[in-house]
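Geometric and topological summary
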Amino acid sequence: MPEADKEGARYFTDQPQSTPGFYLKGSHQLDWGMKNRMARVFDPSSGRTVMLAIDHGYFQGPTTGLERIDLSIVPLLPQCDALFCTRGILRTVIPAECRKPMVLRASGGPSILREELSDEQIAMDMADAVRLNAAGVGIQVFIGGEHETRSVHNMTKLVDAGLNAGVPVMGITAVGKNMVRDAKYFRLACRIIAELGAHYVKTYYVEDGFETVTASCPVPIVMAGGKKLPELDALTMAYNAVQQGAAGVDMGRNIFQSEAPAAMIAAVGAVVHKNMKPKEAFELFNALKAQGAQGAMRAA
Ligand code: R5P
């Protein structure tokens, strides 16, 4: 027999139910599943993320540092907030026991052998993202590229599917091989991507005016890493990006092509989540490098 309800103090009739907001820019009106997935990627205590980008194989094949993801990347998983990878690598190499959120590359088409890279299509069904328990999907958008309209349409179709399933979409400002990279271009590209529905945007850092790119984009921006730089330069770039409004990074080569990837991701984490200054983070990198991978893991 069911127990009867007891009336009493536990109803707290004098306390209105709390109506919490949401800590990520432009995300406060999303549905619960969307917010929950965003909260798995962006650490609620800092509002930022260190996403480790290893999706390069989708058009470059076995990129330097990613030849054996089981050996180079799987040991780094405890240190990232999220992994950005292809569904092929997820299914074949990433252990299903891993509790880190996975953001899946959802576009593809031309390989690095082609001159024109903007000729992409959607390369994954949203149903498969849900099947894989993805925390999000990512897609290139080639604003100003030869196949601009198609790549925008790819993203809007993915956004519709993502809204239907509760899966956030990361729009990536793709610059191809030769396109200009300045604040004016990235303001335009990021804003278009957000206006057309992406839930967050991945874009490159620019020395001059990056804060205008983040300010005019109504959703969180994560900084793309780009080609390998000396560690201090990469840490400085990450520091400047978050100080100028980025909600973290989605970095690949500057982590996995570092001579000490575990030390580097720990140093990037300190910059992103603790506002550690670049020089201090570089000292941390060197200290952890000297201790070997185990030292970096302990610091995570
Ligand atoms: C770039 O748009 C793609 O998403 C890449 O394949 C990758 O994520 C880039 O990472 P990184 O430039 O930091 O090596």
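Below you will find a few notes about this structure. (Residues numbered from 1 in each chain as written. Predicted model: local features only at pLDDT ≥ 70, side-chain atom pairs only at ≥ 80, totals over all residues. Heavy atoms only, no water.)

So, the nonpolar core
- The biggest cluster of nonpolar side chains holds 78 residues, and the ones touching the most others in it are Leu52, Ile54, Ile73, Leu83, Val137 and Val268.
- Looking at which element gives the most residues to this core, the answer is helix α11 (residues 261–274), with ten residues.
- In this view, Leu83 contacts Met51, Leu52, Ile54, Ile73, Leu77, Ile94, Pro101, Met102 and Val103; residues no more than four positions away in its chain are not counted.
- With 15 residues, the next largest nonpolar core counts Met51, Ala135, Met170 and Val222 among its residues. (Core = buried A, V, L, I, M, F, W, Y, C linked by side-chain atoms within 4.5 Å. Buried < 20%, exposed > 50% of the residue type's maximum accessible area, 1.4 Å probe, protein only. Helix = DSSP H or I, 4+ residues; strand = E, 2+ residues; numbered from the N terminus. Contact = heavy atoms within 4.5 Å.)

What about the sheet that holds strand β10 (residues 248–251)?
- With respect to topology, eight strands assemble into a closed barrel ordered β1-β2-β3-β6-β7-β8-β9-β10, the strand pairing being parallel. Going from strand to strand, the sheet's axes swing by 25° on average, the running direction of each strand aside.
- The strands that α11 touches are β1 (49–53) and β10; relative to β1, the one it contacts most, it runs at about 145°. (Pairing = 2+ DSSP bridges. Axes fitted to C-alpha atoms, helices over the stretch in contact; angles between N-to-C directions.)

Observations regarding the side chain of Glu231
- Examined against the element boundaries, Glu231 turns out to sit in helix α9 (residues 231–243).
- What makes Glu231 buried here is its relative accessible area of 9%.
- A polar side-chain atom of Glu231 sits 2.7 Å from a polar atom in the side chain of Ser258.
- Every residue in contact with Glu231, bar those within four places of it in the chain, is listed here: Ser258, Glu259, Met264, Phe282 and Phe285. (Polar contact = N/O pair within 3.5 Å; in protein donor to acceptor, adjacent residues only side chain to side chain.)

Topic: the layout of surface pockets
- The computed volume of the largest pocket comes to approximately 790 Å³.
- When residues of the lining of the largest pocket are traced back to their parent elements, those giving at least two are α2 (57–60), β7 (169–173), β8 (200–204) and β10.
- Looking at the lining of the largest pocket element by element, the count peaks at three residues for α2.
- Classifying every residue of the lining of the largest pocket by side-chain character gives 19 nonpolar, eight polar and nine charged. (1 Å grid on protein atoms, 1.4 Å probe; cavity = no way out; pocket = protein on both sides within 12 Å on 5 of 7 lines; lining within 4 Å. Points joined across faces, edges and corners; volume = space filled by probe spheres on them. Nonpolar A, V, L, I, M, F, W, Y, C, P; charged D, E, K, R; others polar.)

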